[in-house]
Amino acid sequence: VPAYVQTAASGDMFEIRSSQLAQKQSKNSQVRDFAQRMITDHQASTAALKKAVQDGAAGTTVPADMMPRQQQMLRDLEHADAPAFDQLY
């Protein structure tokens, strides 16, 4: 259970933060709309994960930081130039 919680939480954090970045950086309205759906869906997923951990996974906590792979992917997005951003996202 702890490994799943770590992986799921990290994935949600990445999707939320990368989608927030997409809403700011993308010029494409379809990309921004998709990003909003990702934010909404992954915020709900995070809330459900936190509730599941609280309700039944004694000794397990939801991490506050992304795993290294997701951290690197977010850095790549943060440093992408405008023409490459939508493709990379």
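Residues numbered from 1 in each chain as written. Predicted model: local features only at pLDDT ≥ 70, side-chain atom pairs only at ≥ 80, totals over all residues. Heavy atoms only, no water.

Participant: Explain the pattern of salt bridges here, please?
Facilitator: Oppositely charged side chains are able to pair whenever their charged atoms sit close together. Considering all chains together, one arrives at one salt bridge under this definition. For the salt bridge of Asp-55 with Lys-51, the shortest nitrogen-to-oxygen distance reads 2.5 Å. Taken together, the residues span about one helical turn, with Asp-55 and Lys-51 both in helix H2 (residues 29-56) at a distance of four residues. Assessed through its relative accessible area of 52%, Asp-55 is described here as exposed. (Salt bridge = Lys/Arg side-chain N within 4 Å of Asp/Glu carboxyl O. Helix = DSSP H or I, 4+ residues; strand = E, 2+ residues; numbered from the N terminus. Buried < 20%, exposed > 50% of the residue type's maximum accessible area, 1.4 Å probe, protein only.)

Participant: Honestly, the nonpolar core in this entry has me stumped. Any pointers?
Facilitator: For soluble globular proteins, nonpolar side chains are generally found buried alongside one another. Counting residues in each nonpolar core, the largest one holds 15 residues, and the members touching the most others are Phe-14, Leu-21, Ala-22, Met-66, Leu-74, Leu-77 and Phe-85. Those elements giving two or more residues to this core turn out to be helix H1 (2-25), H2 and helix H3 (68-78). Counting residues per element, this core draws most heavily on H1, at six residues. Other than its neighbours up to four places away in sequence, Phe-14 contacts Ser-19, Met-66, Gln-70, Met-73, Leu-74 and Leu-77. (Core = buried A, V, L, I, M, F, W, Y, C linked by side-chain atoms within 4.5 Å. Contact = heavy atoms within 4.5 Å.)

Participant: Quick question: what am I supposed to make of the environment of Leu-77 here?
Facilitator: Summarising the element assignment, Leu-77 is placed in helix H3. Among the residues examined, Leu-77 registers a relative accessible area of 3% and is labelled buried. Separated by eleven residues in the primary sequence, Leu-77 and Met-66 place their C-alpha atoms 15 Å from one another. Not counting residues up to four positions away in its chain, the partners in contact with Leu-77 are Phe-14, Ser-18, Leu-21, Gln-25, Phe-85, Leu-88 and Tyr-89.

Participant: Looking at this structure, how should I read the packing of H1 against H3?
Facilitator: The geometry of a pair of packed helices is captured by two quantities: the angle between their axes and the separation between those axes. At a minimum axis distance of 10 Å, the contact between H1 and H3 shows a crossing angle of 5°. Overall, the two elements H1 and H3 adopt an arrangement that is roughly parallel. Side by side, H1 and H3 meet where Ser-10, Phe-14, Arg-17, Ser-18, Leu-21 and Gln-25 of the first sit next to Gln-70, Met-73, Leu-74, Leu-77 and Glu-78 of the second. Per-class residue counts for the contact of H1 with H3 are five nonpolar, four polar and two charged. (Axes fitted to C-alpha atoms, helices over the stretch in contact; angles between N-to-C directions. Parallel < 35°, antiparallel > 145°, perpendicular 65-115°, else oblique. Nonpolar A, V, L, I, M, F, W, Y, C, P; charged D, E, K, R; others polar.)

Participant: Would you explain the side chain of Asp-12 in this entry?
Facilitator: Tracing the backbone shows Asp-12 in helix H1. For Asp-12, which is buried and forms no salt bridge, the nearest opposite charge comes from Lys-50, at a distance of 9.0 Å. A polar atom in the side chain of Asp-12 sits 3.0 Å from the side chain of Ser-45. Apart from the residues lying within four places of it in its own chain, the contact partners of Asp-12 are His-42, Ser-45 and Thr-46. (Lys, Arg positive; Asp, Glu negative; His and termini not counted. Polar contact = N/O pair within 3.5 Å; in protein donor to acceptor, adjacent residues only side chain to side chain.)

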